[in-house]
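In case you want the letters, here they are:
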Amino acid sequence: MEEYGIPIFRRNGRMKYYYDYRFPIGNLTIEEDGHGICGIYFGIKKLEGEKKNTELIREAALQLSQYFDGRRKKFDLKLSYHGTEFQIKVWKALEKIPYGETCTYKDIAESVGIPKGCRAVGMANNRNPIVIVVPCHRVIGMNGSLTGYAGGLEMKEYLLDLEKRNQKLKERY
C-alpha cells in the first residue's frame, strides 16, 4: 500500500515484511523490518507491511525448523526489538536462559536489577513479540508451575518438553 508513492507500512523508516510457515506446533508468522526479525507470532497473521518471503525471514524459518528437529540450541538471527527500554532489557535477559532450562520471574527481575519487579517482568514477558527465539516459554512460576503463555499452557509445556528431550542431542548448526 502506498500514499503519495511512499510505502506507508514503515517502522523507523524501514519497510516491514512478514510471511507464515508451518511447523510441528502449527503455523508461525515471522516478521522483519529490514533491520532484523521483529516478530514471530503463533498462527497465520496479516500484519502491517508486505507479505514477502525475504532472505531474513527464510533464515528465521530455517533456524526454527532446526530447533524443532532438536539440532539447534541457540538462534543466530539479527533481532530488532520494538518496546520500552525495560521490555527490551527483559527480552535480552530471556535470551540468556539456557536451552532446556527454566527460571522464574524473580530470577529475571533480579538479573535486570529490579529484585521486586516480578510483576513488571511478567508483563514484559507477556509482550515479547519474538516467541521461541526469545524464549519466554522458559520462565515459570516460583513454585515451578507453568504460567501464562501467548500460545497457551499446552504449547509452553510442549516447547519445554521438546527441549528436555533434545537436550542431549548434538547441536549441528
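Computed from a predicted model, the values in this text were never measured in an experiment.

Student: Explain helix α2 (residues 85-95) here, please?
Tutor: Considered for burial, the residues of α2 that qualify are Q87, V90, W91, A93 and L94. Along the long axis of α2, the arc covered by the buried residues comes to 160°, so they all point the same way. Contacts from the buried residues of α2 go to α3 (105-111), α4 (118-126) and β10 (139-140).

Student: Whenever I open this one, the side chain of S80 confuses me. Can you help?
Tutor: Looking at the secondary structure, you find S80 in the loop between α1 (55-68) and α2. The exposure class assigned to S80 is buried, which follows from its relative accessible area of 6%. Separated by 2.6 Å, the side chains of S80 and D33 make a polar contact. Excluding residues within four positions of it along the chain, S80 makes contact with D33, H35, G36, I37, C38 and I130.

Student: Where do I start with the pattern of salt bridges in this structure?
Tutor: It is possible for side chains bearing opposite charge to pair when their charged atoms get close. As enumerated under the stated definition, the model contains 4 salt bridges in all. Residue E163 pairs with R138 through a salt bridge whose shortest N-O separation is 2.9 Å. One end of the pair, E163, is in helix α5 (residues 153-166); the other, R138, is in the loop between α4 and β10, with 25 residues separating them in the sequence. For the pair E163 and R138, a shared accessibility class is recorded, and that class is buried.

Student: What's the story with the packing of aromatic side chains in this structure? I'm lost.
Tutor: When we look at a pair of aromatic rings, we describe it by the centre distance and by the angle of the planes. Within the structure shown, the criterion is met by 8 aromatic pairs. Considering the side-chain rings of F23 and F68, the 5.6 Å spacing of their centres and the 35° angle between planes classify their relative orientation as tilted. Remark: F68 occurs in helix α1 and F23 occurs in strand β5 (residues 17-23); sequence separation between them is 45 residues. The burial state of F23 is the same as that of F68; both residues are buried. Each ring, one from F42 and one from Y149, has its centre 5.7 Å from the other, and the planes form 70°; the classification is edge-to-face. One end of the pair, F42, is in strand β7 (residues 37-42); the other, Y149, is in the loop between β10 and α5, with 107 residues separating them in the sequence.

Student: Looking at this model, I keep getting lost on the environment of P98. Mind explaining?
Tutor: With respect to the helices, strands and loops of the structure, P98 is situated in the loop between α2 and β9 (103-104). With relative accessibility at 38%, the residue P98 sits in the partly exposed group. Expressed as a C-alpha distance, the spacing of P98 and R138, which sit 40 residues apart in the sequence, is 8.7 Å.

Student: Is there a simple way to think about the sheet that holds β5 in this case?
Tutor: Strands belonging to one sheet form pairs held by backbone hydrogen bonds; the direction of such a pair is parallel or antiparallel. Strand order in the open sheet formed by 4 strands is β7-β6-β5-β8, and the pairing between neighbours is mixed. Single-partner strands in this sheet number two, and they are β7 and β8 (50-51). Examined bridge by bridge, strand β6 (residues 26-32) and β7 share 5 bridges and lie antiparallel to one another. Within β7, the position partnered with I30 by the bridge is I40. Lying over the sheet, α1 contacts β5, β6 and β7, oriented at roughly 25° with respect to β5.

Scoring rules and cut-offs
Residues numbered from 1 in each chain as written. Predicted model: local features only at pLDDT ≥ 70, side-chain atom pairs only at ≥ 80, totals over all residues. Heavy atoms only, no water. Buried < 20%, exposed > 50% of the residue type's maximum accessible area, 1.4 Å probe, protein only. Helix = DSSP H or I, 4+ residues; strand = E, 2+ residues; numbered from the N terminus. Arc of directions from axis to C-beta. Contact = heavy atoms within 4.5 Å. Polar contact = N/O pair within 3.5 Å; in protein donor to acceptor, adjacent residues only side chain to side chain. Salt bridge = Lys/Arg side-chain N within 4 Å of Asp/Glu carboxyl O. Phe/Tyr/Trp six-rings, centres within 6.5 Å; stacked < 30°, edge-to-face > 60°. Pairing = 2+ DSSP bridges. Axes fitted to C-alpha atoms, helices over the stretch in contact; angles between N-to-C directions.

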